[in-house]
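Summary of structural features
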Amino acid sequence: MKVTVAGLGVSGVSAARALAGLGAEVTVVDGGDSDQHRARAAELEREDIRVRLGDAETLPAGTGLVVTSPGWQPSSPLFAAAAAAGVDVVGDVEIAWRLRGPDAAPWLAITGTNGKTTTTRMLASILSAAGLRTTAVGNIGTPIIDVVLGDETYDVLAVELSSYQLHWAPSLRAHSAAVLNLAPDHLDWHGSMEAYAADKGRVYEGNTVACVYNAEDKATEHLVREADVEEGCRAIGFTLGTPGPSQLGVVDGILVDRAFVQNRQKNAQELAEVSDVFPPAPHNIANALAAAALARAFGVEPKAVRDGLKAFRPDAHRIEHVADVASVAYVDDSKATNTHAAEASLAAYDPIVWIAGGLAKGASFDELVQRSAKRLRGVVLIGAERHLIAEALARHAPEVPVVDLDRTDTGAMSAAVREAAGLARPGDTVLLAPACASMDMFANYNKRGEAFAEAVRELAAGRA
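Since the structure is predicted, the reported quantities are computational estimates derived from the model, not experimental observations. (Residues numbered from 1 in each chain as written. Predicted model: local features only at pLDDT ≥ 70, side-chain atom pairs only at ≥ 80, totals over all residues. Heavy atoms only, no water.)

**Let's talk about the side chain of Thr 337**
Following the sequence through the fold, Thr 337 ends up in the loop between strand S16 (328–332) and helix H13 (339–346). Residue Thr 337 is classed as buried on the basis of its relative accessible area of 16%. If we skip the residues at most four places from it in the chain, Thr 337 touches Lys 361, Ala 435, Cys 436, Ala 437, Tyr 445 and Arg 448. (Helix = DSSP H or I, 4+ residues; strand = E, 2+ residues; numbered from the N terminus. Buried < 20%, exposed > 50% of the residue type's maximum accessible area, 1.4 Å probe, protein only. Contact = heavy atoms within 4.5 Å.)

Shown next as C-alpha cells:
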C-alpha cells in the first residue's frame, strides 16, 4: 500500500518507520522546510522513505491511506483531497491499535482536559508496584506504535490520549478508560465544545470492564451514558467527597474504594492516605483516585495502589515548588496552559500573587477570575493576550492590584518575578499558572517554567 504520513514530528516519524518496516511505500509530507526539517528528511530518505517538504496540501498520487500526526486539523486541505479520493485518514494511535498482535497487552486509557500525563504516570507507578510489566505511552511522549511493534512484552499499558489522537482513532477499544474532566480547550481545532467533548468521549467506546468518570464533572458522566460499551462494563465514579457505591473517594484523609469490593453498598476498602499523594493539592488527589480506579479495574490489590502513589513524583512544571524567598513560596505550574488547569492550581493556595498570560487559544477568563478573586493578593500579567485577563480582572476583581508588563520577550519572566515579589507578603505564594499557551514567548511550557525557576533563583541570590 502507498501510505502518506502527514507531519515530520515524533509521531509522524515513528509511524513512517513502522509502516515502511511492514512493507508499505511511505511518503511523509510536511509544510516546513527548515534546516531541522531537512535533517530529519535526510534520515528517513536513507531508510527508503520519501519525504516531501514545503507542500502539506497536495495528496501524493496513488495514496491508499493517510496517517496523520495528532495536531493536524481536520479541515486541512490534504484531508479534503483524501476525502475526495475516497482515502481514509487515521492517526498513529489507530495504526498502533490495528497492528497489535493476538496476545497484545490490554490498554488502560486516560484522557481529559487536564491531568492526563500525571494520572497516566501515577497509573504506571501503581501497576509497577503490583509487579506488572507496564509502561506509560501515547501522548505522554513515547509513541505507542514503537511500543506495540517493539520487542519488549508488557502485561498492560497505561495510555495517555489527547482529543486529537482520539479523533483519528475510530477502532480503539480499551480494557478500561477514564475522562478526568472537561473544560473548553482546543476549540479552534475541534470547532465547538460539543465536538471536543465527543472526541474525548470516544475513549469509552467498546470498554470491557470500567468507564471511569469524574463524579464532580457531570459532562464526563454524560459521556459514559452515551458510550456503546461491552456487556458488563461498569461506570465507576471518583470524587473528592465521600464516595457512594461504585465510586472511589476520600473519607477523613483516606482514599477509599466502594467500587471494587464485595457488598459495595455497605463496605469500603482503604487504598492510601491523602498524605501519600505528592503534592496533595485537590486536583492531584482527583488524579490519584482516577489512576487508582483504573488499576483496581485491572485487579490491582490495595497495597500496590498505596505503594505506587507513594513512589510517584510528578514531572517538572506541574505545581512544582521552586523555592522560598523571604518567607514567600514560589511555585511553577507552567503546565497550566488553560483556564481549567489554572483554576485547579489557584485553588491549592491562598493568598496568591498570580503570574499569568500568553496565548489564550480563544478562552474566556471571566469564570476563572470570579472563582479565584478572593485568593488573589495581586496579579502580574505577561504575554501577547494578557489584555483578556486584565479585562476580566477589571470586571470581577477591580480591587486586586495588577501589574501589566507590556513585553513578550523571554526576559519578561525575570521582570514578572521581581514585580510579584514586590506584591507578595510573608506567607504568600507566587504562582506561575498562566492559563495560556506559551508559544508567544517561549518554545513550550517547559521553557517558560525553566525561565520562571531561573528568575526565582536570581531573586534568592540577590541578583534580581
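**Concerning the packing of aromatic side chains**
Describing an aromatic ring pair means giving the distance of the ring centres and the angle of the ring planes. Scanning the entire structure with this criterion turns up three aromatic pairs. Arranged with centres 6.0 Å apart and planes meeting at 40°, the rings of Trp 72 and Phe 79 form a pair that is tilted. Across the pair, Phe 79 and Trp 72 agree in class, each one buried. Judged by centre distance (4.8 Å) and plane angle (80°), the rings of Trp 97 and Trp 107 are edge-to-face. Remark: Trp 107 occurs in strand S6 (residues 107–111) and Trp 97 occurs in helix H4 (residues 92–98); sequence separation between them is ten residues. For Trp 107, a relative accessible area of 2% translates into the label buried. Each member of the aromatic cluster is reached from another via a ring pair, and the members are Trp 72, Phe 79 and Trp 168. In this arrangement the basic side chain of Arg 234 is found over the ring face of Phe 260, its NZ or CZ atom lying 5.3 Å from the centre. (Phe/Tyr/Trp six-rings, centres within 6.5 Å; stacked < 30°, edge-to-face > 60°. Lys NZ or Arg CZ within 6 Å of the ring centre and 35° of its normal.)

**Things to note about the pattern of salt bridges**
Under the definition given, this model contains 23 salt bridges. The salt bridge partner of Arg 98 is Glu 94, with a shortest N-O separation of 2.8 Å. Of this pair, Arg 98 and Glu 94 both sit in helix H4, separated by four residues, roughly a single helical turn. The partner of Glu 343 in a salt bridge is Arg 371, and the shortest N-O contact between them spans 3.2 Å. A residue pair is termed long-range when its members are at least 10 positions apart, and Glu 343 in helix H13 and Arg 371 in helix H14 (residues 366–372) qualify at 28 residues. Looking at Glu 343, the relative accessible area reads 24%, which means it is partly exposed. (Salt bridge = Lys/Arg side-chain N within 4 Å of Asp/Glu carboxyl O.)

**Here we look at the packing of helix H5 (residues 116–129) against helix H12 (residues 302–311)**
One way to put it is that H5 packs onto H12 with a least axis distance of 7 Å and a crossing angle of 130°. Classified by the angle their axes make, H5 and H12 are oblique. Between H5 and H12 lies a crossing whose hand is right-handed. Seen from H5, the contacting residues are Met 122, Ser 125, Ile 126 and Ala 129; seen from H12, they are Ala 304, Val 305, Asp 307, Gly 308, Leu 309 and Ala 311. A per-class count over the contact of H5 with H12 returns seven nonpolar, two polar and one charged. (Axes fitted to C-alpha atoms, helices over the stretch in contact; angles between N-to-C directions. Parallel < 35°, antiparallel > 145°, perpendicular 65-115°, else oblique. Left-handed = near helix turned anticlockwise from the far one by under 90°. Nonpolar A, V, L, I, M, F, W, Y, C, P; charged D, E, K, R; others polar.)

**Overview of the pairing of strand S4 (residues 65–68)**
The two faces of S4 match: Leu 65 and Val 67 on one face and Val 66 and Thr 68 on the other face are all buried. For strand S1 (residues 2–6) and S4, the ladder comprises four bridges, and the chain directions are parallel. When the bridges of S4 are listed, Val 3 appears paired with Leu 65. Judged from the three bridges that link them, S4 and strand S5 (residues 89–91) form a sheet pairing that is parallel. Opposite Thr 68, over in S5, you have Gly 91 as the bridge partner. Handedness of the crossover joining S4 and S5 through helix H3 (residues 77–84) is recorded here as right-handed. (Pairing = 2+ DSSP bridges. Right-handed = clockwise from strand over helix to strand, strands pointing away.)

**Some remarks on the nonpolar core**
In this structure, Val 28, Val 67, Trp 107 and Tyr 204 are the most contacted members of the largest nonpolar core, which totals 51 residues. Here this core gets five residues from one element, more than from any other, and that element is helix H1 (residues 10–21). With sequence-adjacent residues up to four places away left out, Val 67 is seen in contact with Val 3, Thr 4, Val 5, Ala 6, Ala 15, Leu 19, Val 90, Gly 91, Asp 92 and Ile 95. Counting residues in hydrophobic clusters, the runner-up holds 40 residues, among them Leu 127, Leu 180, Ala 272 and Val 277. (Core = buried A, V, L, I, M, F, W, Y, C linked by side-chain atoms within 4.5 Å.)

**Here we look at unusual backbone geometry**
With omega at -10°, the peptide bond leading from Phe 278 into Pro 279 counts as cis. Here Pro 279 shows up in the loop between strand S14 (269–273) and helix H11 (282–297). Following Asp 350, the chain continues to Pro 351 via a peptide bond in cis, the omega torsion being -5°. Along the chain, Pro 351 falls in the loop between H13 and strand S17 (352–356). With a phi angle near 65°, Asp 48 is a residue other than glycine that sits in the positive phi range. Owing to a relative accessible area of 74%, Asp 48 belongs among the exposed residues under this scheme. Positive phi outside glycine occurs at Ala 326, with the angle close to 55°.

**Things to note about the sheet that holds strand S13 (residues 254–257)**
Hydrogen bonds between backbone atoms are what pair the strands of a sheet, whose relative direction is either parallel or antiparallel. Reading across the sheet, the nine strands line up as S7-S8-S6-S9-S10-S11-S12-S13-S14 and stay open at both edges, with mixed pairing between neighbours. Because the sheet does not close on itself, it has two edges, and the strands there are strand S7 (136–138) and S14. Between one strand and the next, the sheet's axes are offset by a mean angle of 25°, whatever the strand orientation. Note: strand S11 (residues 234–238) against strand S12 (residues 247–251), two bridges, orientation parallel.

**Regarding the sheet that holds strand S3 (residues 50–53)**
Overall, parallel pairing links the five strands, which are arranged S3-S2-S1-S4-S5 in an open sheet. A single partner strand is all that each edge strand has here, and the edge strands are S3 and S5. Between one strand and the next, the sheet's axes are offset by a mean angle of 25°, whatever the strand orientation. Direction of pairing for strand S2 (residues 25–30) relative to S3: parallel, over a ladder of four bridges. Looking at the pairing, Val 28 lines up with Val 51 of S3. Its contacts with the sheet put H3 on S1, S2, S4 and S5, and the angle it makes with S4 is roughly 155°.

**Let's talk about helix H17 (residues 445–460)**
An α-helical turn contains 3.6 residues, so a residue and the one three or four places further along point in the same direction. The end-to-end C-alpha distance of H17 is 23 Å, a good match for the 22 Å that 16 residues give at a rise of 1.5 Å each. When we look at burial in H17, the residues that qualify are Tyr 445, Arg 448, Gly 449, Ala 451, Phe 452, Ala 453, Ala 455, Val 456 and Leu 459. For H17, the N-terminal capping position is held by Asn 444, with its side-chain oxygen 3.1 Å away from the main-chain nitrogen of Asn 446. Backbone geometry just after H17 places Gly 462 at a positive phi near 80°. (Expected span 1.5 Å × (residues − 1). Polar contact = N/O pair within 3.5 Å; in protein donor to acceptor, adjacent residues only side chain to side chain.)

Function-wise, these values are silent; they only describe arrangement.
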